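Below, each chain spelled out in residue letters.
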Amino acid sequence: MASPIELVPFTVRTDEAFAGVERVMRECGDYYQLVQGHAADRAEAEEFFHFDVPGVPPENARAYGIHAGGQLVGLASLLLGWKRPGQSMIGFLAIGAPHRGKGYARAAYDALEAVARASPHGTSLRIGIVETNDPAFAFWHRLGFVETGERRALDEYVADVILLEKTLDG
Ligand SMILES: CC(C)(COP(=O)(O)OP(=O)(O)OC[C@H]1O[C@@H](n2cnc3c(N)ncnc32)[C@H](O)[C@@H]1OP(=O)(O)O)[C@@H](O)C(=O)NCCC(=O)NCCS
């Protein structure tokens, strides 16, 4: 079956693209409240376009718009090559509240997994979930991710980040 979404890389930061990112972040107000305790600000949208990760070449730090029915409905980011050889990391995956429950996040995940598998960094995928983001755990478990036992304390979040991983065999 054809995917209901298209994963479109953000390559140029146009005003229109920036406004779209800000809109989706507003539509994900529930998420920002749970993990940061406040709404996403302009800096959050700026960071979505320019995120430098030490040790990851810029071309392997990818930001995508998730499009469905001709409109931007969600955001995703992916780091190809992360800590261990063969491993990639999903930085973010979110669907605006009006568009949830339609299979868009699962389809976007499948597309991200395909990008990782097509690269030299496709033997496992990781995701970090802030412990207060309770609904997200059920979603990632459903997609086959399991807790690694690792947790990190990061300043920008109200609680620890819990690491989950999925091995991409087969
Ligand atoms: C989590 C999130 C991405 C799910 O998006 P969505 O488009 O509603 O998800 P889908 O419709 O693609 O659902 C995919 C599967 O996950 C399940 N699922 C989705 N949200 C769920 C939840 N809160 N609890 C339990 N299961 C859930 C669905 O039932 C579905 O299962 P199925 O495909 O086996 O039928 C969305 O709620 C969101 O953007 N939340 C805010 C951001 C966030 O927390 N992101 C994750 C951390 S980076």
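That block above? That's the structure.
Residues numbered from 1 in each chain as written. Predicted model: local features only at pLDDT ≥ 70, side-chain atom pairs only at ≥ 80, totals over all residues.

(A) Geometry of the pairing of strand β2 (residues 61–68). The pairing of strand β1 (residues 6–9) with β2 spans four bridges and is classified as antiparallel. In the sheet register, V8 faces β2, and the bridge partner there is G65. Connecting the antiparallel pair β2 and strand β3 (residues 71–82) is a turn made up of two residues, with G69 showing a positive phi of about 55°. (Pairing = 2+ DSSP bridges. Helix = DSSP H or I, 4+ residues; strand = E, 2+ residues; numbered from the N terminus.)

(B) Expanded view of the site of the ligand. For the ligand, the set of nearby residues contains 20 residues, the closest of which are R100, A105, R106, P135 and A138. Those elements that place two or more of their residues in the shell around the ligand are β4 (84–95), α4 (104–117) and α5 (134–142). Per-element tally for the shell around the ligand: the top contributor is α5, with five residues. The residue makeup of the shell around the ligand, split by class, is 13 nonpolar, three polar and four charged. (Near = placed C-beta within 6 Å. Nonpolar A, V, L, I, M, F, W, Y, C, P; charged D, E, K, R; others polar.)

(C) Just the sheet that holds strand β7 (residues 161–167), in detail. The strand order β1-β2-β3-β4-β5-β7-β6 describes an open sheet built from seven strands, whose pairing is mixed. Across the chains shown, the open sheet's two edge strands, defined by having one partner strand only, are β1 and β6 (146–152). Along the sheet, successive strands turn relative to each other by an average axial angle of 30°, direction set aside. In this fold helix α1 (residues 15–27) packs onto β2, β3 and β4, with an angle of close to 95° to the strand it touches most, β3. (Axes fitted to C-alpha atoms, helices over the stretch in contact; angles between N-to-C directions. Contact = placed C-beta atoms within 7 Å.)

(D) Layout of the nonpolar core. The biggest cluster of nonpolar side chains holds 39 residues, and the ones touching the most others in it are I66, A76, Y104 and A108. Sequence-distant contacts of A76, defined by excluding residues within four places in its chain, comprise L7, Y64, I66, F92, L93, A108 and L112. (Core = buried A, V, L, I, M, F, W, Y, C linked by C-beta atoms within 7 Å. Buried ≥ 20, exposed ≤ 12 C-beta atoms within 10 Å, placed from the backbone.)

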